[in-house]
Each structure stands twice: as C-alpha cells, then as structure tokens.
Amino acid sequence: MQNLKNYLKDIKNKNYKVGNRIKMKHKKQFLYIILVIFIANCSNNNKVNFNKKDNSKVQNTVINKKPEKNLKIEYLKTITYSNLADKKVQDEVQDTLKNAGISSENISSFFQSVNYYNNATENKDLIKSGFINSQNINPIYDEIEIQKIWNKKNKDFLGFNCRITAFTLMKDFITVENPITKSGEMLFMDMESLQNVPFKLFSQTEKNKFITLFSEIPTKSTKDIKFHVENVKKYWKEKGVKFNNKNKISLISVFFHFNDEPEENILFIGHVGVLIPEKDGKLMFIEKLAFQQPYQVLKFNNRTELNDYLMNKYDTAWGQPVARPFIMENDELLKEYRNNPNNKS
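In this report, we go over the structure that sits alongside the text.

Rules used throughout
- All residue numbers refer to positions counted from 1 along the written sequence of the respective chain.
- Restriction of local features to residues with pLDDT of at least 70 applies here, the model being predicted, together with a cutoff of 80 or more for giving and counting side-chain atom pairs; totals for whole chains, interfaces and linings are based on all residues.
- Just so you know, side-chain values use all the structure's heavy atoms and leave hydrogens and water out.
- Under the scheme used here, helices are H or I runs from DSSP no shorter than 4 residues and strands are E runs no shorter than 2 residues, and both carry numbers assigned from the N terminus.
- Per-residue accessibility, obtained with a 1.4 Å probe over protein chains only, is compared with the maximum for each type, and a residue is labelled buried under 20%, exposed over 50%, and partly exposed between these values.
- Whenever two N or O atoms come within 3.5 Å, that pair is a polar contact, provided that in protein one can donate a hydrogen and the other can accept it, and provided that, for residues adjacent in sequence, both atoms are side-chain atoms.
- Any two residues whose heavy atoms approach within 4.5 Å are treated as being in contact.
- Here a helix's expected span is defined as the number of its residues, less one, multiplied by 1.5 Å.
- Arc definition: directions from the helix axis to the C-beta atoms.
- The nonpolar core is taken to be a set of buried Ala, Val, Leu, Ile, Met, Phe, Trp, Tyr and Cys residues, with the residues joined through side-chain atoms within 4.5 Å.

Points about the side chain of S215
Assignment of secondary structure puts S215 in the loop between helix 8 (204–214) and strand 4 (217–218). Residue classification places S215 among the buried positions, given a relative accessible area of 5%. Among the polar contacts made by the side chain of S215, one reaches the main-chain carbonyl oxygen of I211 at a distance of 2.8 Å. With sequence-adjacent residues up to four places away left out, S215 is seen in contact with I180, S183, G184 and L187.

Have a look at this one:
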C-alpha cells in the first residue's frame, strides 16, 4: 500500500491545483492543504485504499486491536438529522441555541452563514423539510456538483467549514490567555476564507483566539492516544485555553495525527462541532461537514451514539504509522470514546 508521504509527493509532482484559486508559495504548505482536503473528504468512504483509482480520500488513523469496554453497547445503526433548510427546523435550533446561552448576535451570524450556503448551492442534496431518520449513518453529498454551483456566485470565497462554524457558536465560551497571532499552515484555507467572507464574522481578537485553538499542535511519533490527549491538554494549558458554560454547550473535536515527515508529527482538529443538551434529554450536534458539504444537525440519545457517528466517518484507515483519530469534549477525551468496530484493523 502506498503511504501518505509518497502519495502526496505524487500529487506534488503532477502539479495538482486546489480549485484553481489557491496559489501556493511553498511546496510544504501545498502538502498541508491537501491533507486538510483529505480530512474533509474521508467521511465519504468507510474504507480507504490508495491503490484504488479514487484518490480523494485519506488514511488518518492506525491500528489499535485492543477491545474497548463500551464496545459491548450496541453500535449506532441509524441517525436522525436535518440540513437546516426549512424555517421550522431553524426555529427549533434557534431555541436550543438560546437555551444554551449563545448570544443573539452569534446566533444571527450562524444562520446568516447557513442561509448563505444553502442559497448559494441552490439547496443541492439538502433535506428540504424537518428531520429524517436514516439507516445510512454517513450521508453522501455530491461535492463536485455543489462546487460547480458554488463557483458561479463565489469566485474568491471558499465558504464555511467545520472550524469556522463551531467557533461562530462557541467563541464567547472559550477564553485564551496567551493567544498566538500567526496561524499554522494547516489553517491556510480557513484564514483565506475568513479574509473573503462577504460579511464580518470575527474581530481580530477573535481571529487570534481561533488561530490559537485550531492551529496544529506538535507531538511525537506514537500510536498512544493517551499521550496525544495529554499533549493537547498541555498545549492548551500553556496558551491559557479554557472552556466555559460546559453544562449547556461543549466543543466536540476530532483530532488527527499526521507525520508527513518522521520528525514532523502534528495533531490537528480535522473536524469539529458543538454539542448541546436539549430539554427532552437528547443531545443536539451541529456541524458543517466541509467547505462544499452542507450543515447538519443531528439528534443523539447519548454521547456513545455521537462517538459512533464520528468514528464511523473518520476511523476508517489502516496501515499508517499514526494514531487513530480521537475525540475530545472541550479539553478532555470524550468519556464514551471507542473505536469504529467496522474498522477491523
């Protein structure tokens, strides 16, 4: 099996371009961009093999054959979700956001982003009304067609992704005492998007907080998830990153381990969303899948279901010398964290 490093080298040698709009000044930066795109797309295939003709997916994880205690709980088989395309669902989500203590300004910015995307993509592939229950726990969207429609109205604006969306809702509940002002290379597309967004989302102070929270974190070459979790916690402690209002809303981050070069191991939040308890005891999870994939709002009975949904999407690779993706709720490993049982590696 071709490894990630060689695969990216092939892409570089073939002079691939990203949307014809991103002009890279450094080859290394280009490789990081490809990694980000892979993260966004790996959810479209539960098993990835670089020997296949479809090279648009990435392997981000590694083997961990030890069975997990909560694997005895039945694995997720269906999901209930919506794409926020109708007023009834938007009103319901808005009430939940208000109950979580999110400011009216941030709620307004969130729905402005949602409606901008939905309108710009002509509601392509969206659930037009309400929530549906689906046995396909990994909905597939036609990214190529969505990109074509998007490009008609947005020549320079890349769109909204998971990190921008989650931060729009969470920014008032995250404090950073020692912010950094220069973004890491993995955030290149995020920063370009924020520069070209057609309306103001974040102040410069908020952008610095965003950069500190989501920039890549140096780590070591190990498959030990506990080591990586402690590394994240140590880094955030050094930066003074703290999460508030934990009982009403929390940040759910899926961390990926990359080692394109043996001496350059990093951890990066490849996907993120917000989790809010509802009055009926269920959990609402809000996410933007990728720049050219839609918003989703999902309802889960517990965090084990949330874990299964996310790990089904991202714990899909094998044979890589890196750790499996792991999920953190705010600054702790998700208590219900377990591997994807469909990944037999």
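Focus on helix 9 (residues 225–239)
Helical geometry: 3.6 residues make up each α-helical turn, so side chains three or four residues apart lie on a common side. The terminal C-alpha atoms of helix 9 lie 21 Å apart, and with 15 residues this matches the ideal 21 Å at 1.5 Å per residue to within 8%. Of the positions making up helix 9, those classed as buried are I225, H228, V229, N231, V232, Y235, W236 and K239. All buried residues of helix 9 lie within an arc of 160° about the axis, which places them on one face of the element. Opposite its buried face, helix 9 presents the exposed residues K226, K234 and K237, each directed more than 90 degrees away. Its side-chain oxygen 3.0 Å from the backbone nitrogen of K226, D224 forms the N-cap of helix 9.

A short note on the nonpolar core
If you look at the biggest cluster of nonpolar residues, it comprises 87 residues, and the most contacted ones within it are L97, W236 and I286. Setting aside residues up to four positions removed in sequence, I286 forms contacts with V93, L97, F110, L169, G273, V274, I276, Q296 and V297.

Structural notes on the environment of D315
Position of D315 among the secondary structure elements: in the loop between helix 10 (303–314) and strand 10 (326–329). Judged by relative accessible area, D315 falls into the buried class, the value being 0%. For the pair D315 and R338, spaced 23 residues apart in the sequence, the C-alpha separation amounts to 10.0 Å. Engagement of the side chain of D315 in a polar contact is seen with the backbone nitrogen of N340, the distance being 2.8 Å.

Let's talk about unusual backbone geometry
Of note, the phi angle at E122 is positive, near 55°, even though the residue is not glycine. In this fold, E122 is placed in the loop between helix 4 (104–120) and strand 2 (132–134). Of note, the phi angle at N245 is positive, near 60°, even though the residue is not glycine. Within the fold, N245 resides in the loop between strand 5 (241–243) and strand 6 (250–261).

Purely geometric numbers; function is a separate question.
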